[in-house]
Structure formats: structure tokens, C-alpha cells
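Understanding the architecture of this molecule
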Amino acid sequence: MALVEEIQKGEPLITASCKEQVIHLIRRLQEKLGEQEDHKFYLFKVLRAHILPLTNVAFNKSGSRFITGSYDRTCKVWDTASGEELRTLEGHRNVVYAIAFNNPYGDKIATGSFDKTCKLWSTETGKCYHTFRGHTAEIVCLSFNLQSTLVATGSMDTTAKLWDIEKGEEAVTLRGHSAEIIALSFNTTGDRIITGSFDHTVAVWDVGTGRKLHTLIGHRGEISSAQFNWDCSLIVTGSMDKTCMLWNAMTGTHIATLTGHSDEILDVCFDYAGQRIATASADGSGRVYNAETKMCIAKIEGHGGEISKICFNPKGNRILTASSDKTARLWDAATGQCIQILEGHNDEIFSCAFNYKGNIIITAIANRLHLGRALPACQPSTWNCGCSLHGVAKEQSSTGRSQHWWRNG
């Protein structure tokens, strides 16, 4: 295969002895990409997660576990298949706001809190390995690098810090923003990190030295979201100025401004291949742009309230949105056509996510989680709640956030 030969030229570790295995993997990937799937999702779990409202939810890579953060000062670890609470991570003295697995490994969890600390935990035992202290204000975002050697925290104190996971100590402090840092993201190779701030800028940093390489200047409002594409060549940023901007990640130069929204952009993301960009706005709509041509290829319209979260499925052909209109919706990424409305929530949805296989969806509102499975295309979807766990009442209090799961069969 010509593709394998091209890969071999750029990767010396792929020798002639493993060529056949690489060909096999490439063919499997091609078959997977060629599958014509049109899954609908059905609700299979609803559970009350915490006493007080949720703040965030995240899957591990396989989707077998997920975690929730809460105003009750804890993080909980859950089994996705059963909806069983596996353990509660206790120790913070204020709201647990930012949470993450160290994917793709998934054996560690980081929690960032309004108590100004970040804690590192064992997924399997719940043991707290380290408590990272040094910020002087609330931690509101965090991320592991893909190599799982560092965890980064962003704070309302205008700084970000990189922490050494093995040593349990601060590696470097990133200083240079003049306002709160509310978004950060490593690139896939782990040598760069970006931070987005209320000072209207995004900074690109060298991870090894902590040196600021570029300041991305152009937005006229607070940054809401910032992300690298997979091959680390592009950065996308979303802002309260109603625009999304595309940047060259190596040089820091502005490539394009993606317009079309009439209100603040609340979330932006690349698909896994980096070919498409999706935006979510307070105007109740989304947009899908071609990353190469910079053209809008689809409009996501139909929600009756602001869209706070948007994400692609791993295959890149579906988009999931979460809205204040109390629904999540599934869309065709190429056309913007609404494929399914995920109803049954009693409050605005603040978060949603696919698992790695793309066959499970999780949605989170203030007081519940919903999980859904994808059905084979030949089966009709149903939105009856087939199971209530952990004492979920028919009439829910508005004081705690919850999650819903949707799955296919």
C-alpha cells in the first residue's frame, strides 16, 4: 500500500518486519470509516449524582468510567455500564470545579477546586497521591498532557501552573496574562500548551521552559474556549465577541476569522481529524466550518436557547449539542440536519460528551445525569427512562445537578 510506504518514510520505527501488521490496521481503519452508521440513542440510565449541583463530567478513554465534580466539594467515580458509584474522592475544602482523567491511560484523576488546590488521585483505589498548592485564587480549568507526565491548572489568579505528576511538585508557572485564565489545552506532542484568558488573548507556551512563544491578539471579548487540532498545526479560539478565530500554531499568526453568530460563542472544537470546526453560541445556533477552506458548511439550528457545549463523535460524522432549552440534540456534521432530540431533562443542560466508541452519550443538568446507548439503525428509539438509580425521585429538587446516559444497542 502506498499509504503504508509513506508512513514508513516518516516513521523509522515502522520496519519491514511489522509492515503487514500496519497494513492490517490501516485496512481495519478504512473499513471502520466506510461503515454507514445511522444510530439513534435510547435513554438507559438516569441518576442523582450529588447532593449539591454538578460542575463537570468526563469520560475515561474507553468510556467504561466517568467522573463528576460538584459544589459538595467531592468528585465521584462511576461505572458507565451499571451506573454504580464506585468511589467518592474527598478532601477539597471548596467546590470541585475542574476534573479530568489522564487519558488515554485513565489510571489517574485530577481535580481542581475553588480552594485553590489541585489533587491527583488513583482511579482504582481513590488514594490521593498529591495535593498541589501554589495558586492564590480559584482553579477553574485543568488538563493532563497525553504523555501523562504533567497536569496543568488555570486559575482566577491570572496564572497557569504545570505540575510534575511523578515528583508531586510544581514544574513551572506561566505568567503573562492580565486577567483570569479560563481555558487551557496541551497539544498532542506535549511540547506546547495554550491558555485562554478574560484579557481577550490566548498565549502559546513552551512546556519545557515556561517561555511564552506567542500571544494571539485579535479578539475583542473574553476568550471562552481554545484548542489545538490533532496534528498541532492549528489553534481555534472562541470568544464573547461573537467570533471564532483560526491561528497558525507554529508562528502564532492569524489565519481566519469565522463569523456568522449574532451572540457570544460559548464553545468551539475540532473534529478528531482536524478537518472541521464546530462552534456553539448563545444565539441558540451552531456552525460547522471546513478548517481548510474556512467556509461555513453547515448551520445547526433548532434549539430554543443558548448552546453551552458542542462536540463531535470520534468518527466525526455526528455532532452533539447541549442547550439551556433542556434538550441535547444529535446532528449530521456534514449537513446540519437534526437527527435526534434527546429529551427528558428538567433543567438546562450544561455538559454533554461521547465515549470513545461513539456509542454512549452522557448529558448533565444541575441535578441528574442521563446516559444513552446507540441503537442499531433498524430499531426505533425510545425515550422512556428504563431505570432509576440511587433514589432518583419523580420530582427532583433544583439544588443538585444530575446526569443522563444515552446508548446504542
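The structure we're discussing is the one just above.
Residues numbered from 1 in each chain as written. Predicted model: local features only at pLDDT ≥ 70, side-chain atom pairs only at ≥ 80, totals over all residues. Heavy atoms only, no water.

**Quick look at the side chain of K108**
Tracing the chain through its elements places K108 in strand β7 (residues 108–113). Here K108 falls in the buried class, since its relative accessible area comes to 18%. Side-chain polar atoms of K108 contact the side chain of D107, separated by 3.3 Å. Sequence-distant contacts of K108, that is, excluding residues within four places in its chain, are made with A100, F101, N102, L120, W121, T123, Y129, F144 and I165. (Helix = DSSP H or I, 4+ residues; strand = E, 2+ residues; numbered from the N terminus. Buried < 20%, exposed > 50% of the residue type's maximum accessible area, 1.4 Å probe, protein only. Polar contact = N/O pair within 3.5 Å; in protein donor to acceptor, adjacent residues only side chain to side chain. Contact = heavy atoms within 4.5 Å.)

**Digging into the nonpolar core**
Of all hydrophobic cores here, the largest spans 17 residues; its most connected members are A152, L162, L174, F186, I193 and V207. The set of elements that each furnish at least two residues to this core consists of β10 (139–144), β11 (150–155), β12 (160–164), β13 (169–174), β14 (181–186) and β16 (202–206). Ranked by residues supplied to this core, first place goes to β14 with five residues. Formed by 15 residues, the second largest nonpolar core is a distinct cluster that contains F66, I360, I362 and L371. (Core = buried A, V, L, I, M, F, W, Y, C linked by side-chain atoms within 4.5 Å.)

**A word on the sheet that holds strand β6 (residues 96–101)**
Spatially, the four strands line up as an open sheet ordered β6-β7-β8-β9, and their pairing is antiparallel. Across the chains shown, the open sheet's two edge strands, defined by having one partner strand only, are β6 and β9 (128–132). Ignoring strand direction, the axes of neighbouring strands in this sheet form an average angle of 15°. Of the pairings in the sheet, the one linking β6 to β7 comprises five bridges and is antiparallel in character. Bridged to V96 within β7 is S113. (Pairing = 2+ DSSP bridges. Axes fitted to C-alpha atoms, helices over the stretch in contact; angles between N-to-C directions.)

**Considerations on the pattern of salt bridges**
Close approach of charged atoms lets side chains of opposite charge pair. Summed over all chains, the structure comprises nine salt bridges. The shortest N-O distance in the salt bridge between D191 and R192 comes to 3.6 Å. Among the ionic pairs, D206 bridges to R192, the shortest N-O distance being 3.2 Å. Here R192 lies in strand β15 (residues 192–197) and D206 lies in strand β16, a separation of 14 residues in the sequence. Residue classification places D206 among the buried positions, given a relative accessible area of 17%. (Salt bridge = Lys/Arg side-chain N within 4 Å of Asp/Glu carboxyl O.)

**Details of the packing of aromatic side chains**
One pass over the structure, following the stated rule, counts four aromatic pairs. Ring centres of F59 and F66 lie 6.3 Å apart, and the angle between their planes is 75°; on these two criteria the pair is classed as edge-to-face. You'll find F59 and F66 in the same group, each marked buried. Geometrically, the ring pair formed by F132 and W163 is stacked, given 4.9 Å between the ring centres and 25° between the ring planes. Taken together, the positions of F132 in strand β9 and W163 in strand β12 put the pair 31 residues apart, joining distant regions of the chain. Like W163, F132 is buried. Grouping aromatic residues by their ring pairs yields a cluster made of F59, F66 and W78. (Phe/Tyr/Trp six-rings, centres within 6.5 Å; stacked < 30°, edge-to-face > 60°.)

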